[in-house]
Amino acid sequence: MSAVAVQAYPDYGQPLWKRVFLTREMAIVALLAVTLLVASIAVPYFADRLTAYNLLRDMFATLIIALPMALVMITGDIDISVGSMVGLSCSLLGLLYASGVPFELAMVIVLVVGAAGGLLNGLLVTRIGLPALAVTIGTMALFRGIAVGLLGTSTITKFPQAWTDLTKYEIGHTGIPFIIVIFVLLLAAFVYVLHFTRFGRGVYAIGLNSEAAAFSGVNRERTRTILFVLAGTLSAMGGIYWTLLRGTARGDVGDGLELQVIAAVVLGGVSVFGGIGALHGVVAGVLLIGALSSALRLVGVTAEVIKIITGVLLIGSVVAGSLITWIQNRRVKPTSATAGG
């Protein structure tokens, strides 16, 4: 009989504690912990309850959008239209409410529009076969153009007090905004779907080898479309939240947010080539960028310098990830078994 090649899976040959703690995701979690500790000691007012409260409130939209973005990127796709969808949702919500539509109904309509925008992206990518990057560049411009066109240079500032107050509630005196409860529920749902369901295994399979995933019975088109719909829907939710948090609706909201989300997702361990990533790393990546930006602002660093530092951090993360993968591939030797007849 001929030799049969057997693929080695070195990660699962390691003890559980190594597979859990000696990972890129846990390295980002550790870096976040170190950053928080150093900033709390060295940066005035960073350790204050109010700073933590404002940080979590400001990062909520990024946190919820990063969840579907992580899954989209694990499949090997990308969605850079999410920031524009935030702006479109903000403009549409303000316009609907100012036109007399009940606020609750206006929010539902905005969420449906977000899902429709995600569906448009998904169908163009999966049914027409266009590259996700090219498609979402186009829809980014489309959504932003509609957002600005709806309101022009005007702003809408009157919204129901009960809803705007929801973004200001704090859980006791912990410094944790009540709105984070919604994120925790979303995170639990996404963790379960990605790491404990057949759908989640299909997401990884598509990113690792799309053709093999199809032969294994994974519906690639449906899976990827669902992820784009989720990205559009949660981006719309982010737009609603931003409107309530700031108490104003403008068409330029969310400008550049997509880059912040993608940077946090990649920093959190999701491979730009697909197939690799975990949500605890993504959450740590978002919080790391938020905490670093907050600490730098408190010591007087300008927004432009903060962007440069974030960019350097992102490039370093990508390079480090590629280097680690290269080293692992050099160390792993495929095993083979030969049966004689």
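Residues numbered from 1 in each chain as written. Predicted model: local features only at pLDDT ≥ 70, side-chain atom pairs only at ≥ 80, totals over all residues. Heavy atoms only, no water.

## As for unusual backbone geometry
Just so we agree on the cut-off: To qualify as a helix, a DSSP run of H or I must reach at least 4 residues; to qualify as a strand, a run of E must reach at least 2; elements of each kind are numbered from the N terminus. Think of it in three bands: with a 1.4 Å probe and only protein chains considered, a residue is buried below 20% of the maximum accessible area for its type, exposed above 50%, and partly exposed in between.
Not every positive phi belongs to a glycine, and Y45 is a case in point at roughly 70°. If you trace the backbone, Y45 turns up in the loop between helix 2 (24–42) and helix 3 (49–74). Looking at Y45, the relative accessible area reads 61%, which means it is exposed.

## Concerning the packing of helix 3 against helix 8 (residues 180–196)
Keep this limit in mind: Only the contacting stretch of a helix is used when fitting its axis, a line to C-alpha atoms as for every element, and angles between N-to-C directions run 0 to 180 degrees. Angle categories: roughly parallel below 35 degrees, roughly antiparallel above 145, roughly perpendicular from 65 to 115, and oblique for all the rest. Each crossing is labelled by how the near helix is turned from the far one, with a counterclockwise turn of less than a right angle marking it left-handed and a clockwise turn marking it right-handed. In what follows, residue pairs with any heavy atoms lying within 4.5 Å of each other are defined as contacts. Three classes are used: nonpolar for Ala, Val, Leu, Ile, Met, Phe, Trp, Tyr, Cys and Pro, charged for Asp, Glu, Lys and Arg, and polar for all others, with Gly counted as polar.
Two elements in contact, helix 3 and helix 8, have axes separated by 10 Å at closest approach and are oriented at 10°. Classified by the angle between their axes, helix 3 and helix 8 sit roughly parallel to one another. Here helix 3 and helix 8 pass one another in a crossing that is left-handed. In this structure, helix 3 uses L56, F60, L63, I64, L67, P68, L71 and I74 to contact helix 8, whose residues at the interface are I180, I182, F183, L186, L187, F190 and L194. Along the lines of polarity and charge, the residues of the contact of helix 3 with helix 8 split into 15 nonpolar, no polar and no charged.

## Let's talk about a nonpolar patch on the surface
To be explicit about the condition: What makes a patch is a set of residues exposed beyond 30% relative accessible area and free of salt bridges, joined within 9 Å when like-charged and within 5 Å when nonpolar (Val, Leu, Ile, Met, Phe, Trp, Tyr). Per-residue and other accessible areas were derived by the Shrake-Rupley procedure at a 1.4 Å probe size, with only the shown protein chains allowed to occlude residues. Counted as salt bridges are all cases of a side-chain nitrogen of Lys or Arg within 4 Å of a carboxyl oxygen of Asp or Glu.
A contiguous nonpolar surface patch, about 520 Å² in accessible area, is contributed by Y169, I171, I176, F178, V181 and L185. Turning to its location among the elements, I171 is positioned in the loop between helix 7 (161–166) and helix 8.

## What to know about the packing of aromatic side chains
When we look at a pair of aromatic rings, we describe it by the centre distance and by the angle of the planes. Selection criterion: What counts as a ring pair is set by centres within 6.5 Å for rings of Phe, Tyr and Trp (its six-membered ring), and what kind of pair is set by the plane angle: stacked under 30 degrees, edge-to-face over 60, tilted for all other angles.
Counted by the stated rule, this structure contains six aromatic pairs. Seen from their ring centres, F60 and Y241 are 4.6 Å apart, and the 55° between their planes marks the pair as tilted. Of this pair, F60 sits in helix 3 while Y241 is found in helix 11 (residues 220–246), placing the two residues 181 residues apart along the sequence. For the residue pair F60 and Y241, the accessibility class agrees, reading buried in each case. Centre to centre, the rings of F103 and W163 are 6.0 Å apart; their planes meet at 45°, and the pair counts as tilted. Here the residue F103 occupies a position in helix 5 (residues 103–126), and W163 occupies one in helix 7, the gap between them amounting to 60 residues.

## Regarding the packing of helix 2 against helix 13 (residues 279–298)
Direction vectors running N to C along helix 2 and helix 13 enclose 25°, while the axes themselves pass 9 Å from each other. Of the possible angle classes, the one that applies to helix 2 and helix 13 is roughly parallel. The crossing of helix 2 and helix 13 is left-handed. Here helix 2 contributes E25, M26, I28, V29, L31, L32, T35, L36 and A39 to the contact with helix 13, which in turn contributes H280, G281, A284, G285, L287, L288, A291 and A295. Split by residue class, the contact of helix 2 with helix 13 holds 12 nonpolar, four polar and one charged.

## Side note on the pattern of salt bridges
Inspection of every chain in the model, using the stated rule, returns five salt bridges. Measuring nitrogen to oxygen at the nearest pair gives 2.8 Å for the salt bridge that ties R224 to D77. With R224 in helix 11 and D77 in the loop between helix 3 and helix 4 (82–98), the pair connects residues that are 147 residues apart, well separated along the chain. Neither residue differs from the other here; R224 and D77 are each classed as buried. With a closest N to O distance of 2.9 Å, R250 and D252 form a salt bridge. Take R250: its relative accessible area is 30%, and that puts it in the partly exposed class. The exposure class assigned to D252 is partly exposed, which follows from its relative accessible area of 43%.

So yeah, pure geometry; function would need other evidence.
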